[in-house]
Amino acid sequence: MNKQSRSIVNKDFILHGTLWVIISLLLGLPNYLNQHFSLGIFIAEWITYVVLFYFNYLFLVPKFLLKGKYFFHFILLLGLIVFFTEVRIHFFLDDLKLMRPPNSVIVEGKKILLQPMKQPPEPPFFLNVAMSFSYIFIVLISTIIKVLYEYNHNFQNRLLAETERKSAELNYLRKQTNPHFLFNSLNSIYSLAIKKSDQVGDAIVTLSELMRYMLYETDQRVVSLEKEINYIVNYIELQKLRIHDIENVRVNITGEMKEKMIEPLLLISFIENAFKYGTDYKGKTHVRLKISLEESWLNFYIENTISRQTEDLVNSGIGVQNIQSRLELLYPKSHLLKIEEVDGFYKVNLQLNLDENNPVF
C-alpha cells in the first residue's frame, strides 16, 4: 500500500470512527438515561445499527442507488428497516417486556400463579413507528456519506484524467517548440556561414546558451521570468547577427522580473514569427518589442511589417496556434490576447496575469 492509499484509509477510518461516536451519543444517550438501561441490550442494538449501515453503504447503494435502480433500493431498505425494528422491539426493548402481564400476583400474602397468555400483547403501532426512526436515521446517514464519497471520488478521477490529458497535450506543444526554434536558429547561422561572416563564432556561442536553457530549464512547469526574458534577449541578439538593418529592431523591457514565474518558451513563437516575416526581400527588418511587468501583469507587445506574413501563413510552423492552445490550458481566465493587422503591420498584444497560472499542471 503506497503513501497516498494509506492516507485515504486513515481519513476514512477517522471519518467513520467520528461518525460512530456521534451516532452512539445521539441514539445511545436516551437509553442510558432510561432506568431500565442494559449494556448488553445497548451493544446488541448498536450491532444492528452497524450491520444496517454498512450493508447499505457497501452493497445496496453501489449496487442499486448509484446504478439508477431507485425503486429496488427503496423496497430493500424498507424491508430491512421493518425487519430490524421488529427485532429490536421483540428482543431488545425492556419497556415492552414491562408491558407483558406478570406470571403471578400476591393476594393477602399468598402467591397465586396465573395462567400464562398464549400470545404476548402486540406493541402499539406508535411504538413500531418510533423505533423505526433510529434505523431510518442510520440509512439516511450511510446513503448520504456513500453518495458524497462516490461523487468526490469520481470527480477526482475525472480531474486527474483531464489533468493528464492536458499535460500530455502541453508536453506535445512544448516539444514542437524546440525543433521549430532550432530550425530557425540554424537558418540564421547558416546565412552567416554562407557570407563567411566573422560573427559565426559569436552566433554559435549564443545558440549554445539558448540550447542550454532549453535543455536544463524548460522541463519545469514554470521558470523564472528573468531567465525567460534573458532567453528572449539572446535569441534577438542571434537574429541581429544575420540581418543587415538592425536600426529598426527595437527592444524595450521594464519591470522587476526576478520574483515572477512563467510557462517556459511561451512567448518565443511570437518573436520568431516577427523576425521571420518582418524582414522583406531587400533585407530590411522592422520589429518592435515591448515587455513590461506591472505587479502581477505581464504586458507583451510586438509588431512587425507584413512582408511574407500573409502568403506564408500556412507554413509558419506551430506559431500562433501553439501559443493560443497553451494559453487556454495554462491561463484559461487570466490572459487577453489581441492579434491584428493595421496599416501594413502585424501586431500582437498579450496581457497575462502571472499569479493565475493553472495549478493542476
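Residues numbered from 1 in each chain as written. Predicted model: local features only at pLDDT ≥ 70, side-chain atom pairs only at ≥ 80, totals over all residues. Heavy atoms only, no water.

**A look at the overall build of the chain**
Line of reasoning, step 1. Scanning the chain from N- to C-terminus turns up 9 helices and 9 strands.
Line of reasoning, step 2. In the chain, which comprises 361 residues, the proportion classed as buried is 39%.
Line of reasoning, step 3. Per element, the accessible surface of the chain, about 22000 Å² overall, is 60% carbon and sulfur. (Helix = DSSP H or I, 4+ residues; strand = E, 2+ residues; numbered from the N terminus. Buried < 20%, exposed > 50% of the residue type's maximum accessible area, 1.4 Å probe, protein only. Areas by Shrake-Rupley, 256 points an atom, 1.4 Å probe, with all protein chains shown as cover.)

**Some points on the sheet that holds strand 8 (residues 335–342)**
As a general point, the strands of a sheet are linked pairwise by backbone hydrogen bonds and lie either parallel or antiparallel.
Line of reasoning, step 1. Taken in spatial order, the 5 strands line up as 4-6-7-9-8 in an open sheet, and their pairing is mixed. The two strands at the open ends of the sheet, each matched to only one other strand, are strand 4 (249–254) and strand 8. Between one strand axis and the next, the sheet turns by 5° as a mean value, whatever way the strands run.
Line of reasoning, step 2. Two elements, strand 7 (residues 297–305) and strand 9 (residues 345–353), share 9 bridges in a ladder whose sense is antiparallel. In the sheet register, Thr 305 faces strand 9, and the bridge partner there is Phe 345.
Line of reasoning, step 3. Here helix 8 (residues 268–277) sits on the sheet in contact with strand 4, strand 6 (287–294), strand 7, strand 8 and strand 9, set at roughly 15° to strand 7. (Pairing = 2+ DSSP bridges. Axes fitted to C-alpha atoms, helices over the stretch in contact; angles between N-to-C directions. Contact = heavy atoms within 4.5 Å.)

**A short note on the confidence of the model for the chain**
Parts of the prediction with low pLDDT should not have their coordinates interpreted in detail.
Line of reasoning, step 1. Predicted confidence across the chain gives a mean pLDDT of 76, with 69% of residues reaching 70 or more.
Line of reasoning, step 2. Note on residues 117–121: pLDDT under 50 across the span, and 5 contacts to partners over four residues away in sequence or across chains.
Line of reasoning, step 3. Here residues 123–128 is modelled with pLDDT under 50, and outside its nearest four sequence neighbours on either side it reaches 11 contacts, counting other chains as well. (pLDDT = per-residue confidence, 0-100.)

**Section: the pairing of strand 9**
Moving residue by residue along a regular strand, the side chains alternate between the two faces of the sheet.
Line of reasoning, step 1. Summarising the sheet, strand 8 and strand 9 pair through 8 bridges and their orientation is antiparallel. Each residue of the ladder has a partner; that of Glu 340, found in strand 9, is Lys 347.
Line of reasoning, step 2. Here strand 8 folds back onto strand 9, and the loop between the two strands holds 2 residues, one of which, Asp 343, carries a positive phi near 50°.

**Let's talk about helix 7 (residues 225–240)**
Line of reasoning, step 1. An ideal rise of 1.5 Å per residue puts 22 Å on 16 residues; helix 7 measures up with 23 Å between its terminal C-alpha atoms.
Line of reasoning, step 2. Along helix 7, the positions that sit buried rather than exposed are Leu 225, Glu 228, Ile 229, Tyr 231, Ile 232, Tyr 235, Ile 236, Leu 238 and Gln 239.
Line of reasoning, step 3. The distance from a side-chain oxygen at the start of helix 7 to the backbone nitrogen of Glu 226 is 3.2 Å, and the residue carrying that oxygen is Ser 224. (Expected span 1.5 Å × (residues − 1). Polar contact = N/O pair within 3.5 Å; in protein donor to acceptor, adjacent residues only side chain to side chain.)

**Comments concerning helix 6 (residues 200–216)**
Line of reasoning, step 1. Helix length check: helix 6 (17 residues) gives 24 Å between terminal C-alpha atoms against 24 Å at 1.5 Å per residue, within 8%.
Line of reasoning, step 2. Listed as buried for helix 6 are Val 200, Ala 203, Thr 206, Leu 207, Leu 210, Tyr 213 and Met 214. Down the axis of helix 6, the buried side of the element spans an arc of 140°, and every buried residue falls inside it. Opposite the packed face of helix 6, turned more than 90 degrees from it, sit the exposed residues Leu 215 and Tyr 216. (Arc of directions from axis to C-beta.)

**Quick word on empty space enclosed by the protein**
Any empty space left between the atoms is revealed when a probe the size of a water molecule rolls over them.
Line of reasoning, step 1. A complete count under the given rule lists 1 cavity of 30 Å³ or more for this structure.
Line of reasoning, step 2. If you add up the space inside the largest cavity, you get close to 50 Å³.
Line of reasoning, step 3. Contributing to the lining of the largest cavity are Phe 270, Asn 273, Ala 274, Ile 302, Asn 304, Val 320, Tyr 346 and Val 348.
Line of reasoning, step 4. Ranked by residues supplied to the lining of the largest cavity, first place goes to helix 8 with 3 residues. (1 Å grid on protein atoms, 1.4 Å probe; cavity = no way out; pocket = protein on both sides within 12 Å on 5 of 7 lines; lining within 4 Å. Points joined across faces, edges and corners; volume = space filled by probe spheres on them.)

**Structural notes on the side chain of His 73**
Line of reasoning, step 1. In this fold, His 73 is placed in helix 3 (residues 70–92).
Line of reasoning, step 2. The class of His 73 is buried, set by a relative accessible area of 5%.
Line of reasoning, step 3. Once residues within four sequence positions are removed from consideration, His 73 is found in contact with Asn 56, Leu 60, Val 61, Phe 64, Leu 65 and Thr 143.

**A word on the pattern of salt bridges**
Line of reasoning, step 1. Applying the stated rule across the entire model yields 5 salt bridges.
Line of reasoning, step 2. Salt-bridge contacts for Glu 150 lead to Lys 146; the nearest nitrogen and oxygen are separated by 3.2 Å. Taken together, the positions of Glu 150 and Lys 146, both in helix 5 (residues 125–194) and 4 residues apart, correspond to about one turn of that helix. One exposure class covers both Glu 150 and Lys 146, and it is buried.
Line of reasoning, step 3. Put simply, Asp 355 and Lys 260 hold a salt bridge, and the shortest N to O gap is 3.1 Å. Of this pair, Asp 355 sits in the segment after strand 9 while Lys 260 sits in the loop between strand 4 and strand 5 (261–262); the two residues are 95 residues apart in sequence, bridging distant segments of the chain. (Salt bridge = Lys/Arg side-chain N within 4 Å of Asp/Glu carboxyl O.)

**So, the side chain of Thr 143**
Line of reasoning, step 1. Among the structural elements, Thr 143 can be located in helix 5.
Line of reasoning, step 2. Thr 143 sits in the buried class, given a relative accessible area of 15%.
Line of reasoning, step 3. Sequence-distant contacts of Thr 143, defined by excluding residues within four places in its chain, comprise Asn 56, Val 61, Leu 65 and His 73.

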